[in-house]
There are 2 protein chains.
Amino acid sequence: MSQNRQDPPPGRAKAPTLIDVAKVAGVSPITVSRALNQPEMVSDKARAKVTAAVEKTGYLPNMLAGSLATQTSRLVALIVPTVANPIFAETVRAITETLERAGYQTLLGISGYSDQQEQDLLEAILCRRPDGIILTGLQHSEISRTRLKAAATPIVETWDLGEDPLDALVGFSHYDVGRAVGRYLLEKGRRRFAAVSADDRRADSRLAGFTDALSEAGATPVATRRLATPAKFSRGRQAFAELLDEGIECDAVYCSSDTLAHGVMTEARYRGIDIPHRLAVIGFGDLDFAAHTLPTLTSVQINGAEIGLRAARHLIAAMSGTSTSPDPVRIDLGFSIIERDSA
Amino acid sequence: MSQNRQDPPPGRAKAPTLIDVAKVAGVSPITVSRALNQPEMVSDKARAKVTAAVEKTGYLPNMLAGSLATQTSRLVALIVPTVANPIFAETVRAITETLERAGYQTLLGISGYSDQQEQDLLEAILCRRPDGIILTGLQHSEISRTRLKAAATPIVETWDLGEDPLDALVGFSHYDVGRAVGRYLLEKGRRRFAAVSADDRRADSRLAGFTDALSEAGATPVATRRLATPAKFSRGRQAFAELLDEGIECDAVYCSSDTLAHGVMTEARYRGIDIPHRLAVIGFGDLDFAAHTLPTLTSVQINGAEIGLRAARHLIAAMSGTSTSPDPVRIDLGFSIIERDSA
DNA sequence: TTGAAAGCGCTAACAG
DNA sequence: CTGTTAGCGCTTTCAA
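This structure is a prediction, so every number in the text was calculated from the model and none was measured.

Caption draft 1: The arrangement of the overall build of chain A in detail. Across its full length, chain A holds 12 helices and 12 strands. Dimensions of chain A along its principal axes, counting C-alpha atoms only, are 85 × 40 × 40 Å. Among the 343 residues that make up chain A, the fraction classed as buried is 52%. In chain A, the proportion of contacts linking residues at least 24 apart, taken out of those at least 6 apart, comes to 69%.

See below:
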């Protein structure tokens, strides 16, 4: 629960209030409020006096009080597993930017791929009565789900597509991505596969799709490495080095992210393995370099900014009651495989 | 536990309040408040009743109300220029994590390297009466400075070191970094320099240090390219391609970030230029790959997480009044040049 | 150990 | 167009 209690406030100078401004302006407090929030409801003269008084006092409204009275916080809770992954950073940027433009601010929580962490963050955040909530993924603790439903606040879940969303949903199917990658590589004539994958839930979905695609063609991965998050470049490189040291032989490496793929490629190049002829490497993401690096990395392109943009836009509509459809929204953003060279 | 109470209003829309909990528990609202925030001030029996009532009602405190009464928001404002740059992402992560642990939440603002944007964000954020503020850099608009001083809230400026900080300061000298890089390359026998640098203020400081170091040795850069932020991989690559196409000849390329350096290296490799023998490339950052990529990239290592950690810790101390020194704090984190190969 | 009263700073609902 | 009257939900005196 929230611990509001703390040591005495460290002597913060009391900021001027609406009443101070009203006194200086020689009008009533409510007129100041209106001059600030509904200027058209106030005479030019009064507005001028208020503006001058605001200027003079250096008044900044206290939104804690305003929100309490209004029952609207103009605050949106955003929880992502990480910002270290550039693709999530892009989502965060798109969301904060879009919300900011619409007059909302973003309370950021980083869950580290942990449901418990998410639950704790959510509890703390819900105490601030956000007007909207953006979450990553469909998986949440039972307590979280209960609280979210009770909050009766617009919610958008992102980065996935699946059953039983809490409210709106913006994402794509990770399983389908993995499966498409498997088929793609098979079609390109690859036969012996290694996989280097992060151990988070969505990466696992992609991996499952990938291995299923192989199974259907009678193939199985030679070796699979699951790496603890965060999926860093160096870990990808190291994982592939270990696989090679163990003597595995493959003509294609599936990676759950571009970052890991980059690491794999680096190790391959280090050992003089010819990419893409002797070895195909495929990643996932939208890293700038994935589309511009040496023509050897094939990648599933996902637009993190697009996800954020769509999520934020939907939320804004829902929060302002402009939402036309009362039914849960479900947006499939899809994906595409970007090929920089014949794999 | 008499359940003889009659049914409250059937309206389900509103979240339960302290008063609802008090009714269910059969105590006064203030006792509920105390049971939650100062449990030791309440009898075991009362506390048990309250706990049960909280459970039953699914009560979550309304922090807007609490903060208004307490004059303490447990909110910290954080403004960074971008999260797309992994080094800032690390700082953001370290800060939110550290603050979260101490019971504070983070209101994130992304300024896009614009003072005006920062000012707008700051205005919006200050309305929420944050208990502390973390900013990037020392440069702020005059209005921002005035407001920040008036807010009389603990502030930490990060990622730089210089004159006239608003309050505390955690960073390092960008000019010194650039100068050290210049000297380093000269010492390694490099003589003809190109520079690819982002056009933000701190990158400019580094660039100035770099060119000064060269001047002192009687050298000047062959060519300098200033790139608009954000400094993406692809732009670095393209910039270097353009320089080469223009016929410039150099044996070292200074880059304001690892991301740009990575782009430059990629183009160099693409054109068959031998790194590091024919060309030295040096970047700046702490990207994981900078320390593990092919042994060709020399980089100035800066620990983004360390900056965030120190900033957050200082702020927490200041906010809880634990701060021993009333004087402005100034922490120089320094830097080091990481060499992966003989440049 | 508990409670009653009085705000925190702002705004919705009515008057005027 | 402007002001008055009540709160928003919680916490702070100050009593009991």
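Let's pick the thread back up.
Caption draft 2: Spotlight on the nonpolar core. Ranked by size, the top nonpolar core spans 176 residues in total, and within it Val 253 of chain A together with Val 253 of chain B carry the most contacts. In this view, Val 253 of chain B contacts Ala 194, Val 196, Phe 240, Val 264, Leu 279 and Val 281 of chain B; residues no more than four positions away in its chain are not counted.

Caption draft 3: Expanded view of the interface of chain A and chain B. Across the contact, 57 residues belong to chain A and 59 residues belong to chain B. Only helix H4 (63-70), helix H5 (86-101), strand E2 (105-110), helix H6 (115-126), helix H10 (233-245) and helix H11 (258-270) of chain A provide two or more residues apiece to the side of chain A that touches chain B. When its residues are assigned to classes, the side of chain A that touches chain B shows 28 nonpolar, 16 polar and 13 charged. With two bridges joining them, E2 of chain A and strand E2 (residues 105-110) of chain B adopt antiparallel strand pairing.

Caption draft 4: The arrangement of unusual backbone geometry in detail. Residue Pro 230 of chain B is bonded to the preceding Thr 229 of chain B through a cis peptide linkage, with omega at 0°. With respect to the secondary-structure elements, Pro 230 of chain B resides in the loop between strand E7 (221-227) and helix H10 (233-245). Cis geometry marks the peptide bond from Ile 275 of chain B to Pro 276 of chain B, where omega comes out at 10°. When you line up the elements, Pro 276 of chain B lands in the loop between helix H11 (258-270) and strand E9 (280-285). Of note in the backbone geometry, Arg 74 of chain A takes a positive phi value of approximately 55° without being a glycine.

Caption draft 5: Geometry of the protein's contact with DNA strand D. Residue and element names in this part refer to chain B. Near DNA strand D you find 27 residues, and of these Thr 17, Leu 18, Ser 33, Ala 65 and Ala 69 are the closest. In terms of residue count, helix H4 (residues 63-70) provides more of the surface near DNA strand D than any other element does, five residues in total. Residues that form the surface near DNA strand D fall into these classes: 15 nonpolar, 10 polar and two charged.

Caption draft 6: Structural view of the relation of the copies chain A and chain B. Mapping chain A onto chain B leaves a residual RMSD of 0.2 Å; the transformation is a rotation of 180° accompanied by 0.1 Å of translation along its axis. Viewed as a symmetry operation, the transformation between the two copies matches a two-fold axis. When you check the interface residues of chain A against chain B, 82% turn up at the interface there too, and the contact is symmetric in its surfaces.

Caption draft 7: Summary view of the domain arrangement of chain A. All names here are of chain A. Assigned domains of chain A: these are domain 1 (73-172 + 303-333) and domain 2 (174-301). With centres defined by C-alpha atoms, the gap from domain 1 to domain 2 works out at 30 Å. Taken together, the contacts link 13 residues of domain 1 with 10 residues of domain 2. Grouping the amino acids of the side of domain 1 that touches domain 2 by side-chain chemistry returns seven nonpolar, five polar and one charged.

Caption draft 8: Representation of the confidence of the model for chain A in the model. The pLDDT averaged across chain A works out to 89; a share of 90% of its residues lies at or above 70. Taken together, the stretch residues 1-11 of chain A has pLDDT below 50 and engages in 23 contacts with residues farther than four places along the chain or on a different chain.

Caption draft 9: Up close: helix H1 (residues 18-25) of chain B. Residue and element names in this part refer to chain B. Among the residues of H1, those classed as buried are Leu 18, Val 21, Ala 22, Val 24 and Ala 25. The buried residues of H1 occupy an angular sector of 165° when the element is viewed end-on, so they sit on one face. On the buried face of H1, the contacting elements are helix H2 (29-37) and helix H3 (44-57). Downstream of H1 by one or two residues, Gly 26 has phi in the positive range, about 75°.

Caption draft 10: Summary view of the environment of Asp 200 of chain A. All names here are of chain A. Looking at the element boundaries, Asp 200 is found in the loop between strand E6 (193-198) and helix H9 (201-216). The sequence separation of Asp 200 and Ile 125 amounts to 75 residues, and the corresponding C-alpha distance is 24 Å. Setting aside chain neighbours within four positions, we find Asp 200 in contact with Pro 81, Tyr 113 and Thr 229.

Caption draft 11: Highlighting the protein's contact with DNA strand C. Taken together, 26 residues are adjacent to DNA strand C, and Thr 17, Leu 18, Ser 33, Ala 65 and Ala 69 of chain A come closest. At the level of elements, helix H1 (18-25), helix H2 (29-37) and H4 of chain A together with H2, H3 and H4 of chain B are the ones that each hand at least two residues to the surface near DNA strand C. Ranked by the residues each element gives to the surface near DNA strand C, the list is headed by H4 of chain A, at five residues. Broken down by class, the residue content of the surface near DNA strand C amounts to 15 nonpolar, nine polar and two charged.

Caption draft 12: Spatial organisation of the sheet that holds strand E3 (residues 132-136) of chain B. Taken in spatial order, the 12 strands line up as E11(A)-E5(A)-E4(A)-E3(A)-E1(A)-E2(A)-E2(B)-E1(B)-E3(B)-E4(B)-E5(B)-E11(B) in an open sheet, and their pairing is mixed. The strands lining the two open edges of the sheet, one partner per strand, are strand E11 (330-332) of chain A together with strand E11 (330-332) of chain B. Going across the sheet, the axis of each strand differs from the next one's by a mean of 20°, ignoring polarity. Sitting on the sheet, H5 of chain A touches strand E1 (75-80), E2 and strand E3 (132-136) of chain A together with E2 of chain B, and the angle it makes with E1 of chain A is about 175°.

Caption draft 13: How the structure looks around the packing of H1 of chain A against H2 of chain A. All names here are of chain A. Orientation of H1 relative to H2, taken along the N-to-C sense of each, is 100°, at an axis distance of 8 Å. With respect to each other, H1 and H2 are oriented roughly perpendicular. Contacts from Leu 18, Ile 19, Val 21, Ala 22 and Ala 25 of H1 reach H2 at Pro 29, Val 32 and Ser 33. Residues that form the contact of H1 with H2 fall into these classes: seven nonpolar, one polar and no charged.

Caption draft 14: Quick look at the environment of Leu 214 of chain B. Residues and elements named next belong to chain B. Checked against the element boundaries, Leu 214 lands in helix H9 (residues 201-216). Accessibility expressed as a C-beta count within 10 Å gives 24 for Leu 214, which makes it buried. Along the backbone, Leu 214 and Leu 185 are 29 residues apart, and their C-alpha atoms lie at a distance of 9.3 Å. With near-sequence residues (within four places) excluded, Leu 214 lies in contact with Gly 182, Phe 193, Ala 219, Thr 220 and Pro 221.

The rules we used
Residues numbered from 1 in each chain as written. Chains lettered and ligands numbered in written order. Predicted model: local features only at pLDDT ≥ 70, side-chain atom pairs only at ≥ 80, totals over all residues. Helix = DSSP H or I, 4+ residues; strand = E, 2+ residues; numbered from the N terminus. Buried ≥ 20, exposed ≤ 12 C-beta atoms within 10 Å, placed from the backbone. Contact = placed C-beta atoms within 7 Å. Core = buried A, V, L, I, M, F, W, Y, C linked by C-beta atoms within 7 Å. Nonpolar A, V, L, I, M, F, W, Y, C, P; charged D, E, K, R; others polar. Pairing = 2+ DSSP bridges. Near = placed C-beta within 6 Å. Least-squares fit on C-alpha atoms with pLDDT ≥ 70 in both. Domains from an automatic or database assignment. pLDDT = per-residue confidence, 0-100. Arc of directions from axis to C-beta. Axes fitted to C-alpha atoms, helices over the stretch in contact; angles between N-to-C directions. Parallel < 35°, antiparallel > 145°, perpendicular 65-115°, else oblique.

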